[in-house]
Amino acid sequence: RSEVDFICEEDLAAHLRDGSLSELVTAFSREDPQRKVYVQHRLAERAADVRELLRGSGHLYVCGGTAMGRDVRRAVVDALCSPGGEREEAEAFVAQLERERRYVAELWA
């Protein structure tokens, strides 16, 4: 729920106001009991943006549970291999992003 789980909300709002952050997309799985929204859902909804940002100079930081981290990584690979891309090539690209520290995951069980 955003009223409990939106850590650093004030800081992020300040970054939006000052322009150092151009957009903030959130996912709160317990906000609507009828429809759970997870990070991987937001990534899938914005697959073209994810692809453009990461193929450019974008960075992705993931923080949370290991299961969520796996699902997010899968969504990123899916975004990178569509349309018509090879999954193996997308996996290799994500591995390259990790080596370059442009994809960083801090996960826990």
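A brief report on the enclosed structure follows. Nothing here was measured: the structure is a model prediction, and the numbers come from that model. (Residues numbered from 1 in each chain as written. Predicted model: local features only at pLDDT ≥ 70, side-chain atom pairs only at ≥ 80, totals over all residues. Heavy atoms only, no water.)

Attention now moves to the overall build of the protein. Of regular secondary structure, the protein possesses six helices and two strands. In the protein, the succession of helices and strands from N to C terminus is α-α-α-α-β-α-α-β. In terms of overall size, the protein behaves like a compact globule, its C-alpha atoms giving a radius of gyration of 15 Å where 109 residues would be expected to give roughly 13 Å. With the C-alpha coordinates aligned to their principal axes, the bounding extent of the protein is approximately 40 × 35 × 25 Å. Sorting the 109 residues of the protein into buried and exposed places 25% on the buried side. At a minimum sequence separation of 6, the contacts of the protein that also span at least 24 residues come to 55%. Of the roughly 7600 Å² of accessible surface on the protein, a fraction of 51% belongs to carbon and sulfur atoms. In the protein, 16 side chains carry a positive charge and 21 a negative one; their mean positions are 4 Å apart. (Helix = DSSP H or I, 4+ residues; strand = E, 2+ residues; numbered from the N terminus. Rg over C-alpha atoms; globule rule 2.2 N^0.38 Å. Buried < 20%, exposed > 50% of the residue type's maximum accessible area, 1.4 Å probe, protein only. Contact = heavy atoms within 4.5 Å. Areas by Shrake-Rupley, 256 points an atom, 1.4 Å probe, with all protein chains shown as cover. Lys, Arg positive; Asp, Glu negative; His and termini not counted. Charge placed at Lys NZ, Arg CZ, Asp CG, Glu CD.)

So, on to the pattern of salt bridges. A full pass over the atoms with the stated rule returns nine salt bridges. A salt bridge links glutamate 23 to arginine 46; the nearest nitrogen and oxygen atoms lie 2.9 Å apart. Here glutamate 23, found in the loop between helix H2 (9–18) and helix H3 (39–45), pairs with arginine 46, found in the loop between H3 and helix H4 (47–55); they are 23 residues apart in sequence, far enough to count as distant. Of the residues examined, arginine 46 reaches a relative accessible area of 26% and is grouped as partly exposed. (Salt bridge = Lys/Arg side-chain N within 4 Å of Asp/Glu carboxyl O.)

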